[in-house]
Protein chains: 2
Amino acid sequence: MLFTDITVLDENLKVRENCYVAVDKDRISYIGDTMPDEYNGRVYDGSGKLLMSGFYNAHAHSPMALMRGYGENLNLQDWLNKRIFPFEDKLDGEAVYNGTMLCMAESFRYGIVSTSDMYYFCEDMARAVLECGAKANISRSIVNFAGIDPGKLPSMKEAEELYGRFHNTGAGRLKIDMSLHAEYTSDFATACALADFARSLDTVNHIHVSETAGEHRECIERHGLTPAAYLAKAGLFDRPAIAAHCVYSTDEDLDIFKTKGVTVTTNPVSNMKLASGICNVDKIIKRGINLAIGTDSVASNNSLNFIEEMKIMAIGCKATTLNPEAVTPEDAVRAATLGGAKAQGRKDCGALKVGNKADLIVLDVSVPNMYPVHNMVNNLVYSASGSDVLLTMIDGQVVYDNGEYPTIDIEKVISNANKSTKEILKRL
Amino acid sequence: MLFTDITVLDENLKVRENCYVAVDKDRISYIGDTMPDEYNGRVYDGSGKLLMSGFYNAHAHSPMALMRGYGENLNLQDWLNKRIFPFEDKLDGEAVYNGTMLCMAESFRYGIVSTSDMYYFCEDMARAVLECGAKANISRSIVNFAGIDPGKLPSMKEAEELYGRFHNTGAGRLKIDMSLHAEYTSDFATACALADFARSLDTVNHIHVSETAGEHRECIERHGLTPAAYLAKAGLFDRPAIAAHCVYSTDEDLDIFKTKGVTVTTNPVSNMKLASGICNVDKIIKRGINLAIGTDSVASNNSLNFIEEMKIMAIGCKATTLNPEAVTPEDAVRAATLGGAKAQGRKDCGALKVGNKADLIVLDVSVPNMYPVHNMVNNLVYSASGSDVLLTMIDGQVVYDNGEYPTIDIEKVISNANKSTKEILKRL
């Protein structure tokens, strides 16, 4: 693909107009102000369009797409106990595959190229990801309420098998991460055992941390430690890690993240919608901690609209700190792209740069909501609509093209997701 | 226009599938489960689509579109003094017309059919609205810092002339409202004079109320009264009124709004982005006060994405009250449609009902982000993308149709807005 005469958001998030960008196989091979000397392949007319890195969704539970809008306006306990848990109890591999495929289609439409995805039936998630051309870091969420010997825990075994079978498959598109669901869903022995196992692997440890005030407080009551301090003590931050949420993380917790090189993945829409609170991401950015953005599941979002996610992250932080200077548009774009790629351990991703993987999106900037252009990055974060994405490319392969999904039979994906949903509802 | 086989959100916000809806001239003439007996005109295939009332934007300053993204990440004083006021100082009628046209185009794209629009150079705003087929309630914002005798205030004279010349023109599409900018920008004599003048008219009084903590506190310091109590004392709530913002309104203020029948227009995105705070709209709804939604200006939003506005209103309120049960999806849709129409004094608007004005929008609900459908209203508020709007119709006239703007020369509108912006920047 050769993009001609296109506005570009470069690796430093600077706007360059009238550029030419070439993709060779899975990588960006040329960025310049003139046509490259030789080019064979599809030419994409970029006038009125913006080319930039795709988005890296650094915390999600894709199969939960089947529960989109299932149980609105309930308190957390009723939502979980009356809606989510009973529904999840009836899930099977086929439903998980269908939910994941639906999420991948939606991700492509919104410019998401890669997803840190924590759930179970991970083999079926992996199947979906490999099939549709997406990137993902999939992790089997480990939960050990019952105090089972970690060495005998089936989910630990599953995580190990998953890693052996799928890690770095699909030409590196698919990675397997390790995941302790959270402090409050396992005992300390399990946390330590997972940390020990992960130490020998090339993975990211993906964990829910301080999502709600109650969870944060109860951890301190149980252990005399915050969730971040507890997880650090277990050794889970000795590998690169994603701490998802961190709404109630303290200044000392941020010190731990900074020292250990932990990524904080904020989930602004989900945190607001579940009434968990609003994360002060400005503080995290100012500390020099790597910040990434997650959608969390569609059951608590209820979409994968990543441009909306950037905007809500920024304005939510301004509102809660009462500081309009908090979070610049560049901060938001960096978290959505490079911050997420880093979180996933994808070193050659997340920036428009020669030699990097061609994970690219094109936005329509010729629509009335994108004028005038005092500053294109401002407009991108605050004025673009999520579905102004016209094209999404992953490793050089087009996966979304103006309403078409070249790697997916979209009607089948939607109909299968609907069918699985109905079947589960019948079984309830 | 005849919509066939379409899913409908009816006047009670109930979802009805496979409906037929006919429009005769400017009104809805038929809603049923079968084809009407006779029909001539355009037939619109509604499969995979949702038909509902258009959105009523109940607080805006359209000409400020020219300042979209001009001065991000500044504190309020710098934003106003270094950016907004100097730019506004160079505005002229032509620039205001061009900014309004750009906003109307964007409004149509996002399904907004009518706008309560407070600014100056109102004749030029009126010209734009009449030309493009929009609805609007335009008001000349009255400011009297200098303590001029209200009888000699040029803006008061302008408001009067505007009313005489434009009120209820364009077959009732255009209404003229009265506007005191706010408590803190005029003296009490001016507030009373405007209230007296408005008493004899068929208008809405449109006023900024308790937008920031500082404004609210300083009013109490000045007058021993909250802004709401002060404005009520001046008589400005003796006519139907819009109190815009109300982020810091007290329980007693809400009593005043309830007793006087005042509409509260919340501006969730603008309030968050300017770091003013988050309005507890749930309390307003539960009191039985009419709630409407506004975008405020594009300079502080920075878009007119009304679906996003509904979502952010709902989740912002959940986050700030720490109550996930706050604001139902139906509450949000009602505020965006009927609440706004009521605020504007448009009794035959805001609901899909035979005999009502045909202010309608069609949404694409066949996109992956809209499946599965556990509840269509949930999906509409939380899962739809702003630009999933496919068609916007005002008084039976199509103003937006899948990327086309039948009543507007969109290229000219964009180029004129850009030109005006550049000219003003040059004069600075």
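Along each chain, residues carry numbers from 1 onward, in the same order as the chain's sequence is written. Here chains are named by letter from A upward and ligands by number from 1 upward, in the order in which they appear as written. Local features in this predicted model are restricted to residues whose pLDDT is 70 or higher, and side-chain atom pairs enter the listing and the counts only when it is 80 or higher, whereas totals over whole chains, interfaces and linings include all residues. With hydrogens and water stripped out, all remaining heavy atoms of the structure feed into the side-chain values.

**A closer look at the packing of helix α3 (residues 122-132) of chain A against helix α4 (residues 154-166) of chain A**
Residue and element names in this part refer to chain A.
At step 1: A fitted line through C-alpha atoms represents every axis, and for helices the fit uses only the stretch in contact; the resulting angles, taken between N-to-C directions, go from 0 to 180 degrees. Here a strand is any run of E in DSSP of at least two residues, a helix any run of H or I of at least four, and the numbering for each starts at the N terminus. Relative to each other, α3 and α4 sit at 25°, their axes nearing to 11 Å. Compared by their axis directions, α3 and α4 come out roughly parallel. As α3 packs across α4, the resulting crossing turns out to be right-handed. Between α3, through Cys122, Glu123, Ala126 and Leu130, and α4, the contact on the second element is made entirely by Leu162, Arg165 and Phe166.
At step 2: Gly counts as polar in this scheme, as do all residues outside two lists: the nonpolar Ala, Val, Leu, Ile, Met, Phe, Trp, Tyr, Cys and Pro, and the charged Asp, Glu, Lys and Arg. For the contact of α3 with α4, the per-class residue count stands at five nonpolar, no polar and two charged. The scheme is simple: roughly parallel for angles under 35 degrees, roughly antiparallel for over 145, roughly perpendicular for 65 to 115, oblique for anything else. Handedness of a crossing follows from how the near helix is turned relative to the far one, being left-handed for an anticlockwise turn of less than a right angle and right-handed for a clockwise one. Should any heavy atoms of two residues lie within 4.5 Å, those residues are counted as being in contact.

**Some remarks on the layout of surface pockets**
All names here are of chain A.
At step 1: A pocket, in this scheme, is an open set of points on a 1 Å grid over the protein atoms alone with protein on both sides within 12 Å along at least 5 of 7 lines, while a cavity is a set where a 1.4 Å probe fits but cannot get out; residues line either one if an atom lies within 4 Å of a point. Grid points are joined across faces, edges and corners, and a volume is the space filled by probe spheres set on the points. There is about 1300 Å³ of room inside the largest pocket.
At step 2: Forming the walls of the largest pocket are 41 residues, and the residues nearest its centre are Leu80, Phe85, His181, Tyr184 and Thr185.
At step 3: At the level of secondary structure, the elements contributing two or more residues to the lining of the largest pocket comprise α1 (76-89), β7 (112-119), β8 (135-142), α4 and α6 (213-223).
At step 4: Top contributing element to the lining of the largest pocket by residue count: α1, with eight residues.
At step 5: When grouped by side-chain class, the residues that make up the lining of the largest pocket number 20 nonpolar, 13 polar and eight charged.

**A look at the confidence of the model for chain A**
Residue and element names in this part refer to chain A.
At step 1: In the predicted model, chain A carries a mean pLDDT of 97, and the fraction of residues at 70 or more is 100%.
At step 2: The pLDDT value tells you how sure the predictor is about a given residue, anywhere from 0 up to 100. Of all secondary-structure elements in chain A, the lowest mean pLDDT belongs to α1, at 92, while strand β13 (residues 291-293) reaches the highest, 99.
At step 3: Listed scores for the predicted complex are pTM 0.98 and ipTM 0.98.

**Topic: the side chain of B:Ser114**
Residue and element names in this part refer to chain B.
At step 1: Tracing the backbone shows Ser114 in strand β7 (residues 112-119).
At step 2: Pairing of N or O atoms within 3.5 Å defines a polar contact, subject to two protein rules: one partner must be a possible hydrogen donor and the other a possible acceptor, and residues neighboring in sequence count only if both atoms are side-chain atoms. A distance of 3.4 Å separates the side chain of Ser114 from the side chain of Arg346, its partner in a polar contact.
At step 3: Setting aside residues no more than four positions away along its own chain, Ser114 makes contact with Phe55, Tyr56, Asn57, Lys135, Ala136, Gln344 and Arg346.

**Side note on the packing of aromatic side chains**
At step 1: Pairs were defined over the aromatic rings of Phe, Tyr and Trp, the Trp ring being its six-membered one, requiring ring centres within 6.5 Å. Orientation was assigned from the angle between planes: stacked under 30 degrees, edge-to-face over 60, tilted for the rest. Within this structure, the stated rule accounts for 16 aromatic pairs over all chains.
At step 2: One aromatic cluster is present, formed by A:Tyr119, A:Tyr120 and A:Phe121 through successive ring pairs.
At step 3: For A:Arg83, the ring lying beneath its charged end belongs to A:Tyr70, and the centroid distance is 4.3 Å.
At step 4: Lying across the ring of B:Tyr97, B:Arg127 places its NZ or CZ 4.2 Å from the centre. Over a ring means this: the NZ of a Lys or the CZ of an Arg is within 6 Å of the ring centre and within 35 degrees of the ring normal.

**Things to note about the interface of chain A and chain B**
At step 1: On the side of chain B, 67 residues touch chain A, which itself brings 67 residues to the contact.
At step 2: Throughout, buried area stands for the accessible area (probe radius 1.4 Å) lost by two parts on being put together, summed over both. With both sides pooled, the region where chain A packs onto chain B buries about 5000 Å², and carbon together with sulfur makes up 59% of that total.
At step 3: By the criterion of area lost to chain B, the three top residues of chain A are A:Asn73, A:Pro368 and A:His374, representing 15% of everything that side buries.
At step 4: We count a salt bridge whenever a side-chain nitrogen from Lys or Arg sits within 4 Å of a carboxyl oxygen from Asp or Glu. Linking chain A to chain B there are four salt bridges.
At step 5: A salt bridge links A:Asp388 to B:Arg109; the nearest nitrogen and oxygen atoms lie 2.7 Å apart.
At step 6: In this assembly, chain A and chain B are joined by 33 residue pairs in polar contact (both at pLDDT 80 or more).
At step 7: Counting only elements with at least two residues in the side of chain A that touches chain B, the list comes to α1, α2 (93-109), α9 (268-273), α11 (306-321), α13 (376-382) and α14 (410-427) of chain A.
At step 8: Broken down by element, the residue count for the side of chain A that touches chain B peaks at seven residues, all from α11(A).

**Things to note about the nonpolar core**
At step 1: Here, the term nonpolar core denotes a set of buried Ala, Val, Leu, Ile, Met, Phe, Trp, Tyr and Cys residues that are joined through side-chain atoms within 4.5 Å. Exposed residues in this analysis have more than 50% of their type's maximum accessible area, buried residues have under 20%, and partly exposed residues fall in between, with area computed by a 1.4 Å probe over protein chains only. With 250 residues, the main nonpolar core has A:Ile138, A:Phe257, A:Leu363, B:Ile138, B:Phe257 and B:Leu363 as its most contacted residues.
At step 2: The contact partners of A:Ile138, leaving out residues within four places of it in the chain, are A:Asp117, A:Cys122, A:Met125, A:Ala126, A:Val129, A:Leu162, A:Leu174, A:Lys175, A:Ile176 and A:Asp177.

**Overview of the pairing of strand β15 (residues 389-394) of chain B**
Residues and elements named next belong to chain B.
At step 1: Buried residues dominate β15, accounting for six of its six residues.
At step 2: As paired elements, strand β14 (residues 360-364) and β15 share four bridges and run antiparallel to each other. Across the sheet, the residue bridging to Ile361 is Thr392, located in β15.
At step 3: Any two strands are treated as partners once DSSP identifies two or more bridges connecting them. Here β15 pairs with strand β16 (residues 397-401) via four bridges, running antiparallel. Residue pairing in the sheet places Leu391 in a bridge with Asp401 of β16.
At step 4: The loop that links β15 with its antiparallel partner β16 comprises two residues; one of these, Asp395, has a positive phi angle of about 50°.

**What to know about the side chain of A:Asn378**
At step 1: For A:Asn378, the location among the structural elements is in helix α13.
At step 2: With relative accessibility at 4%, the residue A:Asn378 sits in the buried group.
At step 3: Beyond its immediate sequence surroundings of up to four residues, A:Asn378 is in contact with A:Pro329, A:Ser383, B:Gly69 and B:Glu72.

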